[in-house]
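# Inside the fold
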Amino acid sequence: MSTREADRVSSAQQTLDILNDISQLLNTGLDKETLATCISMIESGVNPEALAAVIQELRRERATLDAQASSNAR
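Read on for a plain summary of the structure. (Residues numbered from 1 in each chain as written. Predicted model: local features only at pLDDT ≥ 70, side-chain atom pairs only at ≥ 80, totals over all residues. Heavy atoms only, no water.)

### Concerning the overall build of the protein
Our working definition: Helix and strand assignments follow DSSP, with helices taken as H or I runs no shorter than four residues and strands as E runs no shorter than two, numbered in order from the N terminus. Two things to know: the radius of gyration comes from C-alpha atoms, and the globule rule equals 2.2 Å times the number of residues to the power 0.38. Here the term buried applies to any residue with accessible area under 20% of the maximum for its type, exposed to any over 50%, and partly exposed to those in between, with areas from a 1.4 Å probe on protein chains only. For the area figures, the Shrake-Rupley method with a 1.4 Å probe applies, and any residue is considered shielded solely by the protein chains shown. Lys and Arg are tallied as positive, Asp and Glu as negative. Neither His nor the chain termini are counted. Throughout, a charge is located at the NZ atom of Lys, the CZ atom of Arg, the CG atom of Asp or the CD atom of Glu.
On a plain count of helices and strands, the protein comes out with 3 helices and 0 strands. N-terminal to C-terminal, the α/β element order of the protein is α-α-α. Relative to a compact globule of 74 residues, whose C-alpha radius of gyration would be 11 Å, the protein shows 17 Å and is clearly more extended. By principal-axis analysis of the C-alpha atoms, the protein measures approximately 60 × 25 × 25 Å. Counting over 74 residues, the protein shows a buried share of 11%. Accessible surface for the protein amounts to roughly 6,100 Å². Of this, 54% is attributable to carbon and sulfur atoms. Taking the average location of the 7 positive side-chain charges in the protein and that of its 11 negative ones, the two points are 4 Å from each other.

In structure tokens form, the structure reads like this:
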């Protein structure tokens, strides 16, 4: 790996670490891997607001399914 490529990788890792710290401070509930996936999608052109809306909808669906599972377990 060239020095230039190593610097790029190191910079990307530092950026991800900082964004992960911010994510944790904001209590987003995203783990580092999920955050990295979201960043990659945004860098590929996905609309950030649309991505956020999808994540929120998936969380609502999960909460609904968890509530249904809890009530069925009784």
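### Some points on unusual backbone geometry
Residues other than glycine seldom take positive phi values, yet Asn27 does so here, at roughly 55°. Here Asn27 falls in the exposed class, since its relative accessible area comes to 66%.

### So, helix H3 (residues 48-73)
Since the α-helix packs 3.6 residues into each turn, any two residues three or four apart lie on the same face. Inclusion rule: The span you would expect from a helix comes to 1.5 Å times its residue count less one. Identification of polar contacts relies on pairs of N or O atoms within 3.5 Å, with a donor-acceptor requirement for protein atoms, meaning one able to donate a hydrogen and the other able to accept it, and with residues adjacent in sequence counted only if both atoms are side-chain atoms.
With 26 residues, H3 should cover 38 Å at 1.5 Å per step; its first-to-last C-alpha distance of 37 Å lies within 8% of that length. If you check the start of H3, you find a side-chain oxygen 2.7 Å away from the backbone N of Glu49, and it comes from Asn47.

### Concerning helix H1 (residues 3-25)
So the rule is basically this: By definition, residues are in contact when any of their heavy atoms lie within 4.5 Å.
The first and last C-alpha atoms of H1 sit 33 Å apart over 23 residues, in line with the 33 Å expected at 1.5 Å per residue. Residues of H1 that are buried include every one of Leu16, Asn20 and Ser23, and no others. Residues of H1 that are buried in the fold lie against helix H2 (32-43). Trailing H1 by a residue or two, Asn27 shows a phi angle of about 55°, which is positive.

### Regarding the packing of H1 against H2
The test is simple: For helices, the fitted line uses only the C-alpha atoms of the stretch in contact; every axis is such a line through C-alpha atoms, and the angle between N-to-C directions lies from 0 to 180 degrees. With respect to orientation, any angle under 35 degrees is reported as roughly parallel, any angle over 145 as roughly antiparallel, any angle of 65 to 115 as roughly perpendicular, and every other angle as oblique. Handedness of a helix crossing follows the sense of rotation of the near helix relative to the far helix, less than a right angle counterclockwise being left-handed and clockwise being right-handed. Only Asp, Glu, Lys and Arg are considered charged in this grouping, and only Ala, Val, Leu, Ile, Met, Phe, Trp, Tyr, Cys and Pro are considered nonpolar; every other residue, Gly among them, is considered polar.
Put simply, H1 and H2 touch, their axes get as near as 10 Å, and they point 115° apart. One element, H1, and the other, H2, form an angle in the roughly perpendicular class. The two elements H1 and H2 meet at a crossing, and its hand is right-handed. On the side of H1, the interface is formed by Gln13, Leu16, Asp17, Leu19, Asn20 and Ser23, while H2 contributes Lys32, Leu35, Ala36 and Ile39. Taken together, the residues that form the contact of H1 with H2 break down as 5 nonpolar, 3 polar and 2 charged.

These figures come from the coordinates and say nothing about function on their own.
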